[in-house]
Amino acid sequence: MQLGMIGLGRMGQNMVVRLSKAGHQLVVSDRSAEVIQQTQQRVQKEAGGTAGGASALKELVSQLSAPRAVWLMTPAGVVDRVIADLVPLLGKDDILIDGGNSYYIDDIRRSKELAAKGIHYMDVGTSGGVFGLDRGYCLMIGGPDAAVKRLDPILKALAPGKGDVGRTPGREKLKASTAEDGYLHCGPAGAGHFVKMVHNGIEYGMMAAYAEGLNIIKNANVGKKGRTDASAEVTPLRNPEHFQYDFNLADITELWRRGSVVASWLLDLTASALAEDPELSNVKAEVPDSGEGRWTVLAAIDEGVPATVLTASLYQRFTSRGEDAFACKTLQAMRRKFGGH
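For every chain, the first residue of the written sequence is number 1, and numbering continues from 1 along that sequence. Totals for whole chains, interfaces and linings use all residues, but because this is a predicted model, local features are given only for residues with pLDDT of at least 70 and pairs of side-chain atoms are given and counted only at 80 or more. Side-chain calculation: all heavy atoms of the structure are included, whereas hydrogens and water are not.

**Q** For this particular structure, what's the right way to read the layout of surface pockets?
**A** Empty space among the atoms becomes visible once a probe the size of a water molecule is rolled across them. Counted as a void, the second largest pocket has a volume near 250 Å³. Any residue with an atom within 4 Å of a point lines the site, the site being either a cavity, points on a 1 Å grid over the protein atoms alone where a 1.4 Å probe fits but cannot get out, or a pocket, an open set with protein on both sides within 12 Å along at least 5 of 7 lines. Taken together, 13 residues line the second largest pocket, and the ones lying closest to its centre are Val148, Asp152, Thr178, Leu184 and His185. Within the lining of the second largest pocket, the residues separate by chemical class into 6 nonpolar, 3 polar and 4 charged. Grid points are joined across faces, edges and corners, and a volume is the space filled by probe spheres set on the points. Polar here means any residue outside two lists: the nonpolar Ala, Val, Leu, Ile, Met, Phe, Trp, Tyr, Cys and Pro, and the charged Asp, Glu, Lys and Arg; Gly therefore counts as polar.

Here it is in structure tokens:
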């Protein structure tokens, strides 16, 4: 199947290579002519094929046969601009796919606007990161049935497939689903990015849990650091003899990978990072948030359902960037005013 890919970043470029390996014909576009050329070279070297290249959107569309399919792997903030430039070049029954991390409410709007022009819009939450080239991408899909069905060869090629993952006990009683192959049509416009949004919100919470737990283990030697004297400023450590441990975090995370109920791919990556740099000395203690965690919390508020862990993990990211600095200064200013105790 033929597909246009716009946006050749860390994921987009690997997706092009994976699709080319599966025999699909790609036409690629990016702001950087150098990146386009690099992608074409990778397709030739790693997939043994060729990919068309286009610096301009008009050139990309001209290389695709109608009805066309164009996949966007661009930051959420520029999707509307790219769509505005693309729409005059597209025709009836063309499919436009947003595989980035857009806000699902934007998808609902875009779908309506494009449907009025005869263009089908799909939102595809794409998970897999830089490992997706080999592992495949978990795809959470929203959009009209006909468009999703037509794009199935592309979706199936990107997805991991069943691989060596055992079947979930009890699934034999359920209706057959592509979920077992790692991709799923979740519902109408916005459904794919809604599921991906919550997926990333959960990711925030899981990452925060690992990080906080490992921080407790790392500081289990606080009894050796002399925090024993009573002070009006700092609560003393009552039993320093209880905190005399010097744990090897690289070994502990490796241990947890094997047979533990907290084992996961995130833990695999954490263990790898600690094996490379046990003190994480080359890592900044600043964690960005790209939007999905915020949108997950907003959805929980609108639905009236609690999301205490996910909300706390989002706030932790704000804290890591010093966004609580003025609040902390205010706390200290108040303490000083009433005596510092």
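**Q** Which parts of the structure should I look at to understand the pattern of salt bridges?
**A** Oppositely charged side chains may form a pair once their charged atoms are brought near each other. Any Lys or Arg side-chain nitrogen found within 4 Å of a carboxyl oxygen on Asp or Glu counts as a salt bridge. Tallied over the full model, the rule gives 18 salt bridges. Of the charged contacts in the structure, one is a salt bridge between Asp98 and Arg110, with a shortest N-O distance of 3.4 Å. With a gap of 12 residues between them, Asp98 in strand β5 (residues 95-98) and Arg110 in helix α5 (residues 104-115) connect regions that are remote in the sequence. For the pair Asp98 and Arg110, one class covers both residues: buried. Within the structure, one salt-bridge network assembled from shared partners comprises Asp80, Asp98, Asp106, Asp107, Arg109, Arg110 and Glu113. Under the scheme used here, helices are H or I runs from DSSP no shorter than 4 residues and strands are E runs no shorter than 2 residues, and both carry numbers assigned from the N terminus. The cut-offs for exposure are 20% and 50% of the maximum accessible area for each residue type, with area from a 1.4 Å probe on protein chains only; residues under the lower value are buried, those over the upper are exposed, and the others partly exposed.

**Q** How do you make sense of the sheet that holds strand β7 (residues 138-142) when you look at a structure like this?
**A** Hydrogen bonds between backbone groups are what pair the strands of a sheet, and the pairing can be parallel or antiparallel. Sheet architecture is open: 8 strands sit in the order β3-β2-β1-β4-β5-β6-β7-β8, paired in mixed fashion. The open sheet terminates on both sides in strands that have one partner only, identified here as β3 (52-54) and β8 (183-187). Across this sheet, the average inter-strand angle for adjacent strands is 25°, counted without regard to direction. Here, a strand pair is defined by DSSP locating no fewer than two bridges between the strands. Where β7 meets β8, 4 bridges bridge the pair, whose relative direction is parallel. Bridge pairing in β8 links Met140 to Leu184. Against the sheet, helix α4 (residues 79-86) contacts β1 (2-6), β4 (69-72), β5 and β6 (120-127), and its axis sits at roughly 155° relative to β4. Sitting on the sheet, α5 is in contact with β5 and β6, with an inclination near 150° to β6. Each axis is a line fitted through C-alpha atoms, taken for helices only over the stretch in contact, and angles between the N-to-C directions span 0 to 180 degrees. We call two residues in contact when some of their heavy atoms are within 4.5 Å.

**Q** Help me out: how do you make sense of the nonpolar core in this one?
**A** Proteins that are soluble and globular tend to have nonpolar side chains buried together. The set of buried Ala, Val, Leu, Ile, Met, Phe, Trp, Tyr and Cys residues whose side-chain atoms join them within 4.5 Å is what this entry labels a nonpolar core. One finds Leu3, Met5, Trp71, Ile97, Met122 and Leu155 to be the most contacted residues of the largest nonpolar core, which totals 30 residues. For this core, the element with the highest residue contribution is helix α8 (residues 152-158), accounting for 4 residues. Excluding anything up to four places from it in sequence, Met5 contacts Gly12, Met15, Val16, Leu26, Val27, Val28, Ser29, Leu60, Trp71 and Met73. Listed in part, the 19 residues of the second largest apolar core include Leu57, Leu64, Val82 and Leu96.

**Q** Which parts of the structure should I look at to understand the side chain of Asp289?
**A** Checked against the element boundaries, Asp289 lands in the loop between α11 (265-276) and α12 (292-303). Classification of Asp289 as buried rests on a relative accessible area of 13%. At 2.6 Å, the side chain of Asp289 forms a polar contact with the side chain of Arg294. Between N or O atoms, a polar contact is any pair within 3.5 Å; within protein, one atom must be a potential hydrogen donor and the other a potential acceptor, and residues adjacent in sequence are included only when both atoms are from side chains. A polar contact of 2.9 Å, which involves the side chain of Asp289, links it to the side chain of Arg321.

Worth remembering: the numbers are spatial, not functional.
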